[in-house]
Amino acid sequence: MAIRVFVLLLLFLSSAKLNFALYEDQVGIMDWHQQYIGKVKHAVFHTQKAGRKRVVVSTEENVIASLDLRRGDIFWRLVLGPNDAVDEIEVALGKYVITLSSEGSILRAWNLPDGQMVWESFLQGSSLSKSLLSIQTNVKVGKDNVILVFSKGFLRAVSSIDGEVLWEKDFSDKSLEVKNVIQPQSDIIYVMGFASSSQFNIYQINPKNGELQKHSTAAFPGGISGELTSISGDTLVALDATRSKLVSITIQNGEINIQKTHISDLLVDSSGLAIILPSKLDGMVALKINAFTVFVSLNSEGKMAIVDSFNQPTVVSDALSIAEGGQAFAVVQHEGSKIHIMVKSGHDWNVNLVKDNTEMDPQRGLIQKVFINNYIRTDRSHGFRALIVMEDHSLLLVQQGEIVWSREDGLASIVDVTTSELPVEKDGVSVKKVEHSLFEWLKGHMLKLKGTLMLASSEDVIAIQAMRLKSSEKIKMTRDHNGFRKLLIVLTKAGKLLALHTGDGHVVWSLLLTSLHKSATCQNPTGLNIYQWQVPHHHAMDENPSILVVGRCGITVNSSGFLSFVDAYTGRKINSVGFFHSISQVLPLPYTDSTEQRLHLIIDTNGFSHLYPRNREAIGIFQNEFSNMYWYSVEANNGIIKGHVIKGKCNLEVEDEYCFNSEHLWSVLFPLESEKIITTTTRKLNEVVHTQAKAIGDHDVMYKYISKNLIFVATVSPKASGDIGSSTPEESGLVVYLIDTVTGRILHRMTHPGSQGPVHAVFSENWVVYHYFNLRAHRYEMSVIEIYDQSRADNKDVLKLVLGKHNLSAPISSYSRPEIITKSQTYFFTHTVKAIAVTSTAKGITSKQLLVGTIGDQVLALDKRFLDPRRTVNPTQSEKEEGILPLTDSLPIIPESYVSHALKVEGLKGIVTVPAKLESTTLVFTYGVDLFYTRLAPSKTYDSLTEDFSYALLLITIVALIAAIFVTWILSERKELQEKWR
Amino acid sequence: MRRGKLQGYIFYCICLSILVSSSAFQSDELLIEDEEFGLESRGSPDLVYSARSTPQASTHGRKRSSNSDSDSKVQFLLEHAFGDSDFSTAGTFTARLKTWNHGGQTLTKLRFSRNDFTDVEKEQFKELVKEDDFYRIRLPSNVLSPPGRDYAISSVKARCLPREGLDEHFVIHMEGTNIVAVNYGSPGACQYPRQLKFPTKWSFNSHTVLKNSEQAPSFPRAPVFAEEMLTAENLEGEVVLPPPERSFWAKYWMYLIPLGIIVMNAITQAMNMPPEEQAGGQSASQTQPQAAAVQRGPSSAVRRR
């Protein structure tokens, strides 16, 4: 007993060291990092100086990246800020990548080989307009190539060498909506647009100095809808306002010639509205009418004729100039599980330069975009490769009818994460072959032994390291004893569900959900959240766990929702329910039915709650707990938080026994003129708290106030809800609330004058930690609030405990007036924060760490002990023994405690922590544009040996000891005998 | 291991005695009100208790009082509802509106007069208690221009209110002249499961608390901060935490633990010696092992023989 106490004490003392660090050779053993770029918007190929075949892409995640065309690897990658969306991308001078971003206000040049910024210029302007970028290879001012930029109502010529604006022409004050800028010849620029939507204007500009040479107008009543597409040097095509006529505009010597053609004249079945596809083709325009894609050609007289039409989903690339002055473009057609890639010559429709069929994984959905690039084949003919963007945001390179490489770039935009256990290892379950042979195993252990005994040569060290990294143990598809191997199930913005293995992050299965739900009634389904639907536990061990995916048909809150149930092991869809009520909240309830399906309550926008799963048993369970079902709604725009209780069935026209009505119980009204809700946080539903009591230094006990029904709300004054610096300290203020969601009772309310958001908060056990900006101190601050229950404070009397006169086992009612005390403290914090999370362990015994996603896209582990409101400047002896640190003004940032060590999780969005089975360990998954996963032990792994513990060394030592015992025994026997014979 | 158990037992006894002695004195003072003051008053006289309300029937419909007073008085109505019924007037709050130098306005000296239940209301309330349903109250969100934006609503299970009479407790959270929320309930605990109990007297015993938001504790440690800045500057911007002074135990625990083990082993060995060899110390050790003898089992008995 005493020894056990000592061992525990020893462990405690060893864990008392605050920071922990990783050695260099431990990197990659329990963590992995994956880099993504997101859905590609633009791609520019660069094949000059043939040694390096690259493609430069810009994506919807505001990433500019240079990819290897052979393997799809990232050469370099730049992540612009969240408000700095890339509008256009071009390559200039063969060595610079030019990007126009932030709605045309920032023009930057990047060095093509390494992605270093060469220059940057800010293009000012007030009016909103479309942003256009074109690089002129044939226009030179001096020796300089000119970049033509139209943005913010200005046409500018920018030097490609240093980004200086050579000239600019203002188009913003003429009530002119500029539609397009073209340059048919090297000495003319046409700026085209509509004034008051009925007058077509053309300005002829001299590209050398920006002088206006000619201005001509033509009346065009009604105007056009959509874009004005240039199809050859001086001809443009658009749709008129009714979208029933095709308008061609020809400019000859500054004269405007407008012709209209009814689409119905061209096409018999033209009932739907037409859309011009944005592809730039030569002498041709692609239209989309209903499900048809129609190619219409224009001859020199402006006469239109249909060339071809496709009824399958079709995507068209831009025209690409190939040698001999010809042009080519790709038409990619989807048919079943195959795609047909046709590269057509620009001059003759019937000539197919390439025609390939490629098998495509149906989980990738339909094709969204295609970019083509040509190369010279070995037989000196033209070959083409196509870069394809799919519906699930993945990027593929197709050449000669084969997929050369693919990137799962949907993972750059993860919406929600949950986890699932792997199957238990047993005979029926197929397990990957793990150990190769006894010899291999022995060899591995010999190597390890050598490493431990410092005998290993440098090659051996490399071999040992490789062995550690590629341990097949960690990518097994079965559950392990420590609970480290799990499936991370993620939902992406594209509506794809992917399961990642925690061992190395490979995709186990994927399922494109939106394609399943896409129909005429559900135009653009989006996934909202995922929940653990069924976690087999006791009763239903043989069933596979399943995941609930909640989605919505449109972007608005009122659009109807859908549910999908997906098997977590195989990724197959089990069931789906679709197109019913709207979804505003999903509440997983703490009850499961006999098949371990968790009961979920879905609240729609009308305030009705709907129970799932829809079976009799669920209704029975629910009805037992009927009167204790409370929920709350936050109306952030109105500044109201409302509480509701479930009461009775819905009285709808259609009888629905799974639908329940609720009653309004309480409301908290934040005064609109002084407070605006910016953050609400609750405790994690599945959080485990080990003990309510907290022993403090002077042998006293404090009881944590642990309630699942607490919500943390932060409000700021409306003036201070903008960016930092947009308001003065006097007019800004931050108010934080702790509200009980059953009764609406405000348990704690506190103002931070002169502070403002953004507020990031995390709520765990009985404490909240939040991060905000203090305008007076010009610094970020972090505050902690801890809540303690006073009503249990009298339970310290042992006599009472013995006699049973305590209230420890009495049920807690929210309607009792809580006797609580709160403690609070504030510290400075250096970093801007993107996300905060807290570690969670299986039993909640291990001390907690805060995981802070910093502005530098790293994850910092901060011990909760630094955020303890009981810290004082000079702690007493008993407080020191308890482990309370002396109070400091700012929270220390220890470089070793960066969880993400040398890596960056670009565009960090969220941190998810999952408990492992081993109490000391928690699994951390960080997502953004990149993914990062690691294991953490906030108090060190006190309950297990380290992974590289050499069992062989232990065995050998034991064997050696036994041998030594025998030898010495024999020797002593012999000596004894000799002495007796003496 | 046997020895260990004995030691553990002794250790436990010592711990228990420490616990008992530390919590021996127990004040029977009711701390509810005091706690409110502690939370509440930061030198602001916001707090008024109106112990027992007097029935007042004439205040119906009167919403605001005369503005002619220099320290203007404000009245606002409490309304209540039984279950699904509509809201009706239930009482009147009266307060003094205080205007501060900086232009802010706050309420002070809150008084409350509660209307007694009418017979119809009594029946309705009894029904609520029977059904274990909600008794609901509301206040206007702005006291100067009621009802303001909306009503601040609060509800309680009707079974929580009846004691002798009807005990109720209001906490009104104010922000200037706006009511952010009203928390309504019984002044003490509300046992769960809730008992079906009707009040013997139909008179209200109301407690009201007015709360304004408190400021977050400011940094009380400015001098320390300045000091730290100085040291940090000396080290050329490098903030180095001074190594914490370690206690004797923290420094030498690795020597002390083995020493402790050895000492303990020696002690237990001495105690476990057969009584024949331990002639002198018998009387001292006799009381102790009796409790442990049961656990020790037959082996010790054999040794004694």
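Residues numbered from 1 in each chain as written. Chains lettered and ligands numbered in written order. Predicted model: local features only at pLDDT ≥ 70, side-chain atom pairs only at ≥ 80, totals over all residues. Heavy atoms only, no water.

**With respect to the overall build of chain A**
Argument step 1. What chain A contains, in helices and strands, is nine helices and 64 strands.
Argument step 2. Rg of the C-alpha trace for chain A: 34 Å, near the compact-globule value of 30 Å for 982 residues, within the 12% margin.
Argument step 3. For chain A, the C-alpha atoms occupy an extent of roughly 120 × 85 × 60 Å along the three principal directions.
Argument step 4. Of all 982 residues assigned to chain A, the portion counted as buried reaches 53%.
Argument step 5. Look at the contacts in chain A between residues 6 or more apart in sequence, and 50% of them connect residues 24 or more apart. (Helix = DSSP H or I, 4+ residues; strand = E, 2+ residues; numbered from the N terminus. Rg over C-alpha atoms; globule rule 2.2 N^0.38 Å. Buried < 20%, exposed > 50% of the residue type's maximum accessible area, 1.4 Å probe, protein only. Contact = heavy atoms within 4.5 Å.)

**Details of the overall build of chain B**
Argument step 1. Tallying secondary structure elements over chain B gives seven helices and nine strands in all.
Argument step 2. Each of the 305 residues in chain B was classed as buried or not, and the buried ones make up 37%.
Argument step 3. Approximately 18,000 Å² of chain B is accessible, and the part contributed by carbon and sulfur atoms is 57%. (Areas by Shrake-Rupley, 256 points an atom, 1.4 Å probe, with all protein chains shown as cover.)

**Details of helix α5 (residues 248-271) of chain B**
Argument step 1. The end-to-end C-alpha distance of α5(B), which contains 24 residues, comes to just 30 Å, noticeably less than the 34 Å that a straight helix rising 1.5 Å per residue would cover.
Argument step 2. Its maximal kink placed at B:Met254, α5(B) deviates by approximately 60°, while the proline B:Pro258 follows within four residues. (Expected span 1.5 Å × (residues − 1). Bend = angle between axes of the 7 residues up to and from the residue.)

**Topic: the side chain of A:Ser897**
All names here are of chain A.
Argument step 1. Mapped onto the elements of the fold, Ser897 is located in the loop between α8 (877-882) and β62 (910-915).
Argument step 2. A residue is classified by how much of its surface remains accessible, and Ser897, at 5% relative accessible area, is buried.
Argument step 3. Polar contacts involving the side chain of Ser897 include one to the main-chain carbonyl oxygen of Ile894, which spans 2.7 Å. (Polar contact = N/O pair within 3.5 Å; in protein donor to acceptor, adjacent residues only side chain to side chain.)

**Observations concerning the packing of aromatic side chains**
Argument step 1. Scanning the model with the defined rule gives 31 aromatic pairs over all chains in all.
Argument step 2. Residues A:Phe150 and A:Phe171 carry aromatic rings whose centres are separated by 6.3 Å and whose planes lie at 55° to one another, so their mutual orientation is tilted. In this pair, A:Phe150 is assigned in strand β11 (residues 144-151) and A:Phe171 in the loop between β13 (165-170) and β14 (176-182), connecting sequence segments 21 residues apart.
Argument step 3. On the basis of relative accessibility, which here comes to 2%, the residue A:Phe150 falls in the buried class.
Argument step 4. Here the aromatic residues B:Phe76, B:Phe82, B:Phe93, B:Phe112, B:Phe117, B:Phe125, B:Tyr135, B:Phe170, B:Tyr184, B:Trp202 and B:Phe204 are joined through ring pairs into a cluster of three or more. (Phe/Tyr/Trp six-rings, centres within 6.5 Å; stacked < 30°, edge-to-face > 60°.)

**Some remarks on a nonpolar patch on the surface**
Argument step 1. Together, A:Leu954, A:Ile958, A:Ile962, A:Phe966, A:Trp969 and A:Ile970 make up a nonpolar patch on the protein surface, roughly 580 Å² of accessible area in all.
Argument step 2. Tracing the chain through its elements places A:Ile958 in helix α9 (residues 951-981). (Patch = residues over 30% accessible without salt bridge, like charges linked within 9 Å, V, L, I, M, F, W, Y side chains within 5 Å. Salt bridge = Lys/Arg side-chain N within 4 Å of Asp/Glu carboxyl O.)

**Some points on the pattern of salt bridges**
Residue and element names in this part refer to chain A.
Argument step 1. Enumeration over the complete set of coordinates arrives at 36 salt bridges over all chains.
Argument step 2. Two residues, Glu408 and Arg364, come together in a salt bridge whose shortest N-O distance is 3.8 Å. Remark: Arg364 occurs in the loop between β30 (352-359) and β31 (367-376) and Glu408 occurs in the loop between β34 (402-407) and β35 (414-421); sequence separation between them is 44 residues.
Argument step 3. Residue classification places Glu408 among the buried residues on the basis of a relative accessible area of 17%.
Argument step 4. What you see here is one network of salt bridges that share partners, running through Arg364, Asp392, Glu408 and Lys496.

**Quick word on a positive patch on the surface**
Residues and elements named next belong to chain B.
Argument step 1. On the surface, Lys73, Lys98, Lys109 and Arg111 cluster together into a patch of positive charge.
Argument step 2. Within the secondary structure, Lys98 is located in strand β2 (residues 88-99).
Argument step 3. A residue is classified by how much of its surface remains accessible, and Lys98, at 36% relative accessible area, is partly exposed. (Lys, Arg positive; Asp, Glu negative; His and termini not counted. Charge placed at Lys NZ, Arg CZ, Asp CG, Glu CD.)

**Some words on the sheet that holds strand β59 (residues 833-838) of chain A**
Residue and element names in this part refer to chain A.
Argument step 1. Spatially, the three strands line up as an open sheet ordered β59-β60-β61, and their pairing is antiparallel. A single partner strand is all that each edge strand has here, and the edge strands are β59 and β61 (859-863). In this sheet, neighbouring strand axes are inclined to one another by 25° on average, regardless of whether the strands run parallel or antiparallel.
Argument step 2. Examined bridge by bridge, β59 and strand β60 (residues 849-854) share five bridges and lie antiparallel to one another. Within β60, the position partnered with Val833 by the bridge is Thr854. (Pairing = 2+ DSSP bridges. Axes fitted to C-alpha atoms, helices over the stretch in contact; angles between N-to-C directions.)

**What about the confidence of the model for chain A?**
All names here are of chain A.
Argument step 1. This prediction gives chain A a mean pLDDT of 83; 90% of its residues lie at or above 70.
Argument step 2. Throughout residues 5-19 the model reports pLDDT below 50, and contacts reaching past four residues in sequence, or to other chains, amount to 15 contacts.
Argument step 3. Confidence drops under pLDDT 50 across residues 428-435; counting only partners more than four residues distant or on other chains, this segment forms 10 contacts. (pLDDT = per-residue confidence, 0-100.)

**Description of the sheet that holds strand β3 (residues 105-114) of chain B**
Residue and element names in this part refer to chain B.
Argument step 1. Pairing within the open sheet is antiparallel, and its five strands lie in the order β3-β2-β1-β4-β5. A strand with exactly one partner marks an edge of an open sheet, and here the two such strands are β3 and β5 (151-157). Each strand of the sheet is rotated relative to its neighbour by a mean of 25°, with strand direction disregarded.
Argument step 2. Alignment of strand β1 (residues 73-82) against β2, held across eight bridges, turns out to be antiparallel. Residue pairing across strands places His80 opposite Ser88, the latter belonging to β2.
Argument step 3. Packed on one face of the sheet, helix α3 (residues 119-131) meets β1, β2 and β4 (134-140) and runs near 55° to β1.

**Examining the confidence of the model for chain B**
Residue and element names in this part refer to chain B.
Argument step 1. Averaged over all residues, the pLDDT of chain B is 67; the fraction at 70 or higher stands at 57%.
Argument step 2. Throughout residues 1-6 the model reports pLDDT below 50, and contacts reaching past four residues in sequence, or to other chains, amount to 12 contacts.
Argument step 3. Residue range residues 276-305 is modelled with pLDDT below 50. Its contacts to residues more than four positions away, or to other chains, number 14 contacts.
Argument step 4. Across the assembled chains, the prediction reports ipTM 0.79 with pTM 0.81.

**Remarks on the nonpolar core**
Argument step 1. If you look at the biggest cluster of nonpolar residues, it comprises 56 residues, and the most contacted ones within it are A:Ile739, B:Phe125 and B:Tyr135.
Argument step 2. Counting residues per element, this core draws most heavily on strand β7 (residues 178-185) of chain B, at five residues.
Argument step 3. A:Ile37, A:Leu411, A:Ile414 and A:Tyr933 belong to the second-largest nonpolar core, a separate cluster that totals 37 residues. (Core = buried A, V, L, I, M, F, W, Y, C linked by side-chain atoms within 4.5 Å.)

**Considering the pairing of strand β7 (residues 96-101) of chain A**
Residues and elements named next belong to chain A.
Argument step 1. Here β7 lies mainly inside the structure; six of its six residues are buried.
Argument step 2. Residues Tyr96, Ile98 and Leu100 of β7 are buried on one face, and the alternating residues Val97, Thr99 and Ser101, pointing to the opposite face, are buried as well.
Argument step 3. Bridging between strand β6 (residues 86-92) and β7 involves six bridges; their strand directions are antiparallel. Looking across to β7, one finds that Val91 is bridged to Val97.
Argument step 4. The sheet contact formed by β7 and strand β8 (residues 106-111) spans six bridges and is antiparallel. What sits directly across from Ser101, in β8, is Ile106.
Argument step 5. As consecutive antiparallel partners, β7 and β8 are separated by four residues, and within that stretch Ser102 has a phi angle of approximately 55°, a positive value.

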